[in-house]
Amino acid sequence: MKKLLAIILAGTMLYVMPVMAANSPDASSVAGNAGQSNPAAPVSAVEASAVPAEVAGAAAAEGKTVGEYMNNAVTEIPGLDNVVPVGQGGHVIINGAPSNQVFSVLKPTLADVRAAKTFAAALGGKVLNVVQVQASVQGFETARVNFYLKGVTAGQNIKVFQVINGQLLELEVAEIRADHVVVDMTALGTLAFIEAPNK
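Residues numbered from 1 in each chain as written. Predicted model: local features only at pLDDT ≥ 70, side-chain atom pairs only at ≥ 80, totals over all residues. Heavy atoms only, no water.

Some remarks on the overall build of the chain
Item 1. Helix and strand counts for the chain come out as 5 helices and 11 strands.
Item 2. The proportion of buried residues among the 199 residues of the chain is 39%.
Item 3. A sequence separation of at least 24 residues applies to 71% of the contacts in the chain between residues at least 6 apart.
Item 4. When the accessible area of the chain is evaluated, it comes to approximately 11,100 Å², of which 58% is carbon and sulfur surface. (Helix = DSSP H or I, 4+ residues; strand = E, 2+ residues; numbered from the N terminus. Buried < 20%, exposed > 50% of the residue type's maximum accessible area, 1.4 Å probe, protein only. Contact = heavy atoms within 4.5 Å. Areas by Shrake-Rupley, 256 points an atom, 1.4 Å probe, with all protein chains shown as cover.)

So, the packing of aromatic side chains
Item 1. Under the definition given, this model contains 3 aromatic pairs.
Item 2. Aromatic pair F103 and F140: ring centres 6.0 Å apart, planes at 40 degrees, arrangement tilted. Placement of F103 in the loop between β4 (97-98) and β5 (104-106) and of F140 in the loop between β6 (126-134) and β7 (143-149) is noted, with a sequence separation of 37 residues between them. In this structure, F103 and F140 share a single accessibility class: buried.
Item 3. For the ring pair F147 and F193, a centre distance of 5.4 Å and an interplane angle of 75 degrees mean the geometry is edge-to-face. Highlighted residues: F147 in strand β7 and F193 in strand β11 (residues 189-195), separated in sequence by 46 residues. Grouping residues by exposure puts F147 and F193 together as buried. (Phe/Tyr/Trp six-rings, centres within 6.5 Å; stacked < 30°, edge-to-face > 60°.)

Notes on helix α5 (residues 110-123)
Item 1. The end-to-end C-alpha distance of α5, which contains 14 residues, comes to 20 Å, matching closely the 20 Å that a straight helix rising 1.5 Å per residue would cover.
Item 2. Considered for burial, the residues of α5 that qualify are D112, V113, A115, A116 and A120. Buried positions in α5, seen along its axis, are confined to an arc of 160 degrees and lie on one side of it. In this structure, α5 carries A111, R114, T118, A121 and A122 as exposed residues pointing more than 90 degrees from its buried face.
Item 3. As for α5, its buried residues are in contact with β6, β8 (158-164), β9 (167-177) and β11.
Item 4. Note on α5: the residue one or two positions beyond its end, G124, has a positive phi of about 80 degrees. (Expected span 1.5 Å × (residues − 1). Arc of directions from axis to C-beta.)

Remarks on the pattern of salt bridges
Item 1. Taken as a whole and assessed by the stated rule, the structure comprises 5 salt bridges.
Item 2. Of the charged contacts in the structure, one is a salt bridge between K64 and E62, with a shortest N-O distance of 3.8 Å.
Item 3. Exposure remark for E62: the relative accessible area of 33% places this residue in the partly exposed category.
Item 4. Notably, a salt bridge pairs E170 with K159, separated by 3.5 Å at the nearest N-O pair. With a gap of 11 residues between them, E170 in strand β9 and K159 in strand β8 connect regions that are remote in the sequence.
Item 5. Among the residues examined, K159 registers a relative accessible area of 24% and is labelled partly exposed. (Salt bridge = Lys/Arg side-chain N within 4 Å of Asp/Glu carboxyl O.)

Overview of the environment of H180
Item 1. With respect to the helices and strands, H180 occurs in strand β10 (residues 180-185).
Item 2. Among the polar contacts made by the side chain of H180, one reaches the side chain of N146 at a distance of 2.9 Å. (Polar contact = N/O pair within 3.5 Å; in protein donor to acceptor, adjacent residues only side chain to side chain.)

A few points about the pairing of β8
Item 1. By the criterion of burial, β8 is predominantly enclosed, with 5 of the 7 residues buried.
Item 2. Of the strand pairs in this sheet, β8 and β11 are connected by 6 bridges, and their pairing is antiparallel. Bridging from a neighbouring strand, Q162 pairs with L191 of β11.
Item 3. As defined by bridge partners, β8 adjoins β9 across 5 bridges and the pair is classed as antiparallel. Residue pairing for β9: Q162 is matched across the bridge by L169.
Item 4. In this structure, the hairpin formed by β8 and β9 is closed by a connection of 2 residues, where N165 is found at a positive phi of approximately 50 degrees. (Pairing = 2+ DSSP bridges.)

Dropping the structure here:
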């Protein structure tokens with residue numbers, strides 16, 4: 001009986017283990033596909049020939065590469081060179097309670113990128129990335145969202161602004177650590193991640 005139970009448990013682990021997900025994407029997985037405008041980015045782990053047509057179609061519908069789509073990330077945007085990849089891996093804390101919610105990271109409009117660049121220049125800073133954030137949850141009071149930003153280090157002066165009608169309103173940044181910026185949001189929308197000068 002014990003051997004039978006052990007065999008069943010081992011078989012279950014083999015079946016379940018491949019579908020377990022990491023908390024957030026790592027640096028190599030957020031990079032775009034080869035041949036994109038960022039030649040320094042490593043080749044995506046997913047070969048183009050191995051991508052199902054539905055996935056490629058969904059990525060194209062969002063204006064993303066397959067790597068961006070599969071990793072819920074944005075690694076390149078129109079109107080901005082040297083983009084710092086931004087992704088989101090779930091575990092959003094909504095109204096103070098842990099959830100299984102993942103906030104989708106999508107491409108911004110060119111107008112929002114231009115507004116962020118103008119605003120960053122006035123601050124004497126630089127835009128790291130601009131992304132649209134969407135989710136199935138609506139009407140929350142607060143959402144603490146852990147964004148993956150490749151290459152960010154603790155101590156960097158990173159400010160996050162929400163773009164509303166061309167104006168940028170500053171959000172509370174709860175934490176900055178290696179490769180992560182944790183932001184307190186009160187609504188979904190477009191976010192600009194800006195590195196400001198240290199004071």
